[in-house]
Amino acid sequence: MCVTNINLSKSMSMISEYKQQINKSIEHLKQDISSLRTGRATPAIVEDIMIEAYGMKQPLKALASISVLDAKTLAIEPWDKSLIATVDTGLRNSDLGINPVNDGKMIRLPLPELSQERRQELIKVLHTKLENGRIVIRKIREEAREEIDMQEEEKVIGEDQKYKFHEEVEKLAKEANEKIKEIGEEK
């Protein structure tokens, strides 16, 4: 009986681990879609753009200060002034479709008004990112189900426990998908 309690405890911690993975993937999704511009200038739009500097790719936020000048303009000031051209190039090559203005000391990013066409593009990108989030949740769910099935085959848990854990994993996945839907509707 003691062995069963230990095995049950391991299985419960496994469910807890999958819950943490799901929460991390949702947080990553939130961060990922925060870069989608909805009309106001925010550092989240550009802070994770990867810039080639010092022989490796680094996020812009590691190389420069990013501030909001007004509702439609961002200011990017590299800490190392020799990187200004590199940062400018990285911003131009990003998929933002924004033309930076480089004055030699600072880069200004004037954000144009969202056209209907650009809005439609952003909606497509949002839906793609949301679907990628759902795919990650499905992978986590399948991994959990396989682990549970394996534990049942190895007689670590009983059949009743297996179905209970499957239901728990299914519930976690359903809650995560609802959260993803809410995030998409908010954005």
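First, a word on scope: everything that follows refers to the structure included in this document. Remember, it's a predicted structure, so these values are computed and weren't measured experimentally.

Within the chain, Y54 stands out as a residue other than glycine whose phi angle is a positive 55°. If you trace the backbone, Y54 turns up in the loop between β1 (50-53) and β2 (56-59). Here Y54 falls in the exposed class, since its relative accessible area comes to 54%.

Moving on: the pattern of salt bridges. Pairing is possible between side chains that carry opposite charge, provided their charged atoms lie close to one another. A full pass over the atoms with the stated rule returns twelve salt bridges. A salt bridge links D88 to R92, with the nearest nitrogen and oxygen atoms 2.8 Å apart. Highlighted residues: D88 and R92, both in helix α2 (residues 84-93), separated by four residues, approximately one helical turn. What makes D88 buried here is its relative accessible area of 8%. Of the charged contacts in the structure, one is a salt bridge between K162 and D149, with a shortest N-O distance of 3.9 Å. Taken as a pair, K162 in helix α4 (residues 159-186) and D149 in helix α3 (residues 116-153) lie far apart in primary sequence, 13 residues in all. For K162, a relative accessible area of 14% translates into the label buried. Taken together, the salt bridges that share partners define one network made up of R141, E142, R145 and E170.

Definitions and cut-offs
Residues numbered from 1 in each chain as written. Predicted model: local features only at pLDDT ≥ 70, side-chain atom pairs only at ≥ 80, totals over all residues. Heavy atoms only, no water. Helix = DSSP H or I, 4+ residues; strand = E, 2+ residues; numbered from the N terminus. Buried < 20%, exposed > 50% of the residue type's maximum accessible area, 1.4 Å probe, protein only. Salt bridge = Lys/Arg side-chain N within 4 Å of Asp/Glu carboxyl O.

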